[in-house]
Amino acid sequence: MLTKRIIPCLDIHERRVTKGVRFKNNIDLGDPVEMATRYYEEGCDELVFYDITASSERRPIDLEMVREVARAIRIPFAVGGGITSLDDMSAVLLAGAEKVSINTPAVLNPELIEEGARRFGAQCIVLGMDPVRSDNPACPSGYEITIRGFREYTGIDALEWARRAESMGAGEIVVNSVDADGTRAGFELNITRLIAENTGIPVVASGGAGNPRHLAEVFIKAGADAAIVAGMIHTGEYSIAQIKNELHQAGIPVRRHW
Amino acid sequence: MTAIIDYGAGNLTSVKLALQTLGVDALITSDPDRIMAAERIIFPGVGAAGAAMESLRKLGLQEILHTVTSRGTPFLGICLGTQIIFQHSAEDGGVDCLGLLQGQVIRFAPADRRDKVPQMGWNAVSFVREHPVLKGIADGTEFYFVHSYYPVPDDDAAIIGQTGYAGVDFAAVTGRENIAATQFHPEKSGRAGLQLLENFLRWKP
């Protein structure tokens, strides 16, 4: 049986891992390559790196960091932040990443999804999205897409955007709830379930993981294929093994050999 | 020398890095002479079968692959590389492939729509028989898969390991004599994947 993936997320700022609530009050957590190596050895299934300022500072992604990570770990990882062109995608993939994650640039230029999938394969193209609960009548799902690190509302319906991205060739969707992000109070189950039930590609739940029960919930109740964890492991409160043991005991298939 | 065959089907960085971890500096090549001279051959690939076969034809590698495998060179297929060593793939409207192994490649047809296609992620491989490339790896170990199609060998004797997904138990590891082939990516499958690659590098079929 295909296992549910546990994916630590490392937010990168100036070559360091950082964590803040809603992109504010960021604190330094450590070296990205060291942290990636540790989570790899502890049995995480995949990793994701977001260069959280590359985009706003309009600078290219740190390829040397990607290369170092690729040398250090032998599991797939995705890289996002500051990827705005096919050339950016190509550079990141050749540096050793398995996938590229595009969020704001995909909203501003949806062809990027289509062209990226055609050139590199759909399995390489991850659509990241930051939906927020909204009563905007243009958003019948009740969730609106935000861009530029939650700062800008787009009037785009989250479910419609997910379906469109799938039809354009996205291989996976990371649903990062603005409402839940950084709260560690549990994932936003509703929007995750809506997208998981109405698309045919894997859905990665993101934002709000605070304990293993939250992960069990999003797998069982929302049908997520994978879940992103950050604060709950970065603080040392939980280990990957603890999370996997609890999920296993709850009857959820997880990878047990590493 | 171990050759990683480059036929334009995807990114070979992770295969090369995995071998480097094992202390082996493999040669990425599409040069027929170098492939003929290689002691071992790794045949990776991601993408679609049609374009991959077209590319092999253009590079003149079809005959070379038949020649090196028939004279006993240890050969490891990975993912798309595994699929196109069978006789035929249903991808791209149907494509005749290399035929190094007997059988077909078909697409997942899940009855339950929660089984997404492609299968993406870690799934357990049950070992059907012992094989040198699986030495030291526990039966039921999970490996990393990304694929929409899977091989169906004509002869069950070609099935080395199998995996359950979308209502079928498919052949995740196949082979005969000096050919071994994995539908998953050993180069992205953590320690178990490295063990498999290391076993392949030591294999004397």
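First, a word on what this report is: a plain description of the structure on this page. Throughout, residues of each chain are indexed from 1 in the direction in which the sequence is written. Ligands are numbered from 1 and chains lettered from A, in the order in which they are written. Thresholds applied to this predicted model are a pLDDT of at least 70 for local features of residues and 80 or more for the giving and counting of side-chain atom pairs; totals over whole chains, interfaces and linings are not thresholded and use all residues. For the side-chain quantities, the full set of heavy atoms in the structure was used; hydrogens and water were omitted.

1. Quick word on the interface of chain A and chain B
Whether two residues touch is decided by their heavy atoms; if any such pair falls within 4.5 Å, the residues are in contact. Facing the 36 residues of chain A at the interface are 31 residues of chain B. The contact between chain A and chain B buries some 2500 Å² in all, and 52% of this surface belongs to carbon and sulfur atoms. Any Lys or Arg side-chain nitrogen found within 4 Å of a carboxyl oxygen on Asp or Glu counts as a salt bridge. Viewed at the interface, chain B and chain A are joined by 2 salt bridges. In this structure, Glu98(A) and Lys188(B) form a salt bridge, with 2.5 Å as the shortest nitrogen-oxygen distance. Identification of polar contacts relies on pairs of N or O atoms within 3.5 Å, with a donor-acceptor requirement for protein atoms, meaning one able to donate a hydrogen and the other able to accept it, and with residues adjacent in sequence counted only if both atoms are side-chain atoms. At the junction of chain A and chain B, the tally comes to 15 residue pairs in polar contact (both at pLDDT 80 or more). Note on conventions: DSSP H or I runs of at least 4 residues are helices, E runs of at least 2 residues are strands, and numbering of each starts at the N terminus. Among the secondary structure elements, those contributing two or more residues to the side of chain A that touches chain B are helix 1 (32–42), helix 2 (63–72), helix 3 (86–94) and helix 7 (189–198) of chain A. Note on residue classes: Ala, Val, Leu, Ile, Met, Phe, Trp, Tyr, Cys and Pro are nonpolar, Asp, Glu, Lys and Arg are charged, and everything else, Gly too, is polar. Residues belonging to the side of chain A that touches chain B are distributed by class as follows: 16 nonpolar, 7 polar and 13 charged. Buried area: the sum, over both parts, of the accessible surface (1.4 Å probe) that disappears when the two are put together.

2. Observations concerning the environment of Asp96(B)
Residues and elements named next belong to chain B. Relative to the elements of secondary structure, Asp 96 occurs in strand 6 (residues 95–96). Throughout, exposure labels follow a simple rule: accessible area from a 1.4 Å probe, protein chains only, divided by the maximum for the residue type, with under 20% read as buried, over 50% as exposed, and the rest as partly exposed. Judged by its relative accessible area of 57%, Asp 96 falls in the exposed class. C-alpha of Asp 96 to C-alpha of Ile 85: the two residues are 11 residues apart in sequence and 9.9 Å apart in space. Discounting residues that sit within four places of it in the chain, Asp 96 has contacts with Met 53, Gln 87 and His 88.

3. Observations concerning helix 10 (residues 240–249) of chain A
All names here are of chain A. Looking only at helix 10, the buried set comprises Ile 240, Ile 243, Lys 244 and Leu 247. Taken down its axis, helix 10 places every buried residue within 95° of arc, on the same side. Of the surrounding elements, those touching the buried residues of helix 10 are strand 1 (5–13), helix 1, helix 8 (212–220), strand 12 (226–229) and helix 9 (231–234). Looking one or two residues beyond helix 10, the residue adopting positive phi is Gly 251, at roughly 85°. Working definition: the arc comes from the directions between the helix axis and the C-beta atoms, pointing outward to the latter.

4. A word on the sheet that holds strand 11 (residues 149–153) of chain B
Residues and elements named next belong to chain B. A strand pair is defined by DSSP finding two or more bridges across the two strands. On the basis of which strands lie adjacent, the open sheet formed by 4 strands has the order 6-5-7-11 and mixed pairing. In this open sheet, the two strands that pair with only one neighbour each are strand 6 and strand 11. Sheet topology note: the strand 5 (residues 88–89)/strand 6 ladder contains 2 bridges and is antiparallel. Its bridge partner lying in strand 6, His 88 is registered against Asp 96.

5. Overview of the pattern of salt bridges
Two side chains that carry opposite charge are able to pair once their charged atoms sit near each other. Residues and elements named next belong to chain A. Applying the stated criterion across every chain yields a total of 24 salt bridges over all chains. Across the pair Arg 255 and Asp 45 runs a salt bridge, and its minimum N-O distance is 3.3 Å. Residue Arg 255 is found in the segment after helix 10, and its partner Asp 45 is found in the loop between helix 1 and strand 4 (47–51); the two are separated by 210 residues along the sequence. Exposure remark for Asp 45: the relative accessible area of 0% places this residue in the buried category. Within the structure, one salt-bridge network assembled from shared partners comprises Arg 5, Glu 46, Lys 99 and Glu 172.

6. What to know about the environment of Trp203(B)
Residue and element names in this part refer to chain B. Locating Trp 203 in the fold gives a position in the segment after helix 6 (190–202). Considering only alpha carbons, one finds Trp 203 and Glu 177, 26 residues apart in sequence, at a separation of 11 Å. Discounting chain neighbours no more than four positions away, the residues touching Trp 203 are Arg 40, Pro 74, Phe 75, His 131, Pro 132, Val 133, Glu 177, Asn 178, Ile 179 and Ala 180.

7. Digging into the nonpolar core
Among buried residues, the Ala, Val, Leu, Ile, Met, Phe, Trp, Tyr and Cys ones that are joined through side-chain atoms within 4.5 Å form a nonpolar core. One finds Phe77(A), Ile113(A) and Leu215(A) to be the most contacted residues of the largest nonpolar core, which totals 118 residues. Not counting residues up to four positions away in its chain, the partners in contact with Ile113(A) are Ile102(A), Ala106(A), Ile125(A), Leu127(A), Trp161(A), Ala165(A), Met168(A), Gly169(A) and Ala170(A). Formed by 30 residues, the second largest nonpolar core is a distinct cluster that contains Ile5(B), Ala52(B), Leu61(B) and Ile179(B).

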